[in-house]
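Commentary on secondary and tertiary structure
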Amino acid sequence: QVQLVESGGGLVQPGGSVRLSCQASVSELTFERYAIGWFREPPGKEREAVSCVDSFGRANYSDSVKGRFTISRDNVRSTVYLEMQRLKPEDTAVYYCGAEGIRYCSGSYIGWGQGTQVTVSS
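Residues numbered from 1 in each chain as written. Predicted model: local features only at pLDDT ≥ 70, side-chain atom pairs only at ≥ 80, totals over all residues. Heavy atoms only, no water.

Description of the nonpolar core
Ranked by internal contacts, the top residues of the largest apolar core, which has 27 residues, are Ile36, Trp38, Phe69, Leu82, Met84 and Tyr95. Those elements that place two or more of their residues in this core are β3 (18–24), β4 (36–41), β5 (48–53), β7 (69–74), β8 (79–84), β9 (93–99) and β11 (116–120). (Core = buried A, V, L, I, M, F, W, Y, C linked by side-chain atoms within 4.5 Å. Buried < 20%, exposed > 50% of the residue type's maximum accessible area, 1.4 Å probe, protein only. Helix = DSSP H or I, 4+ residues; strand = E, 2+ residues; numbered from the N terminus.)

What follows is the structure, encoded as structure tokens:
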């Protein structure tokens, strides 16, 4: 139902910042009905939830990123952003976005992007 493309990853120093983007290949009318989540897969570890924003703009965060990461959405551009600040080496991971296909952050995703690598290292 939806294709997603992440971008913005790269190499960043500890304490630095980066903004990830997740653009969906659906119209504004469709996109604005979707909750969008960010997940990450650290090397050798399982994929974990990072953040989610529902169709109303309400956001949640995992404890490990709360206070450092900010999720936001631009429905006109069918895009969700993840602003990551004060990055730590343990934030190193492939970051994925997923669309739930419903308004709420329920954990049921219908589409995923291919991921973008974020490496936090000196």
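Observations regarding the side chain of Glu100
Along the chain, the position of Glu100 falls in the loop between β9 and β10 (111–112). This buried residue, Glu100, is left without a salt bridge; Arg73 holds the nearest opposite charge, at 9.4 Å. From its side chain, Glu100 meets the backbone nitrogen of Ser108 in a polar contact 3.1 Å long. Ignoring sequence-local partners within four residues, the contact set of Glu100 consists of Ala35, Cys52, Cys105, Ser106, Gly107, Ser108, Tyr109 and Ile110. (Lys, Arg positive; Asp, Glu negative; His and termini not counted. Salt bridge = Lys/Arg side-chain N within 4 Å of Asp/Glu carboxyl O. Polar contact = N/O pair within 3.5 Å; in protein donor to acceptor, adjacent residues only side chain to side chain. Contact = heavy atoms within 4.5 Å.)

Some remarks on the sheet that holds β3
Pairing in this open sheet of 4 strands is antiparallel, and the strands run β1-β3-β8-β7 from one edge to the other. Where the open sheet ends on each side, the last strands, each with one partner, are β1 (4–7) and β7. Direction aside, neighbouring strands of the sheet carry axes that sit 15° apart on average. Taken together, the 4 bridges between β1 and β3 define a ladder with antiparallel strand orientation. Bridged to Val5 within β3 is Gln23. (Pairing = 2+ DSSP bridges. Axes fitted to C-alpha atoms, helices over the stretch in contact; angles between N-to-C directions.)

Digging into the environment of Val5
Structurally, Val5 can be placed in strand β1. The class of Val5 is exposed, set by a relative accessible area of 53%. Spatially, the C-alpha atoms of Val5 and Ser21 are 7.9 Å apart, while their sequence positions differ by 16 residues. Not counting residues within four places of it along the chain, the set of residues in contact with Val5 comprises Ser21, Cys22 and Gln23.

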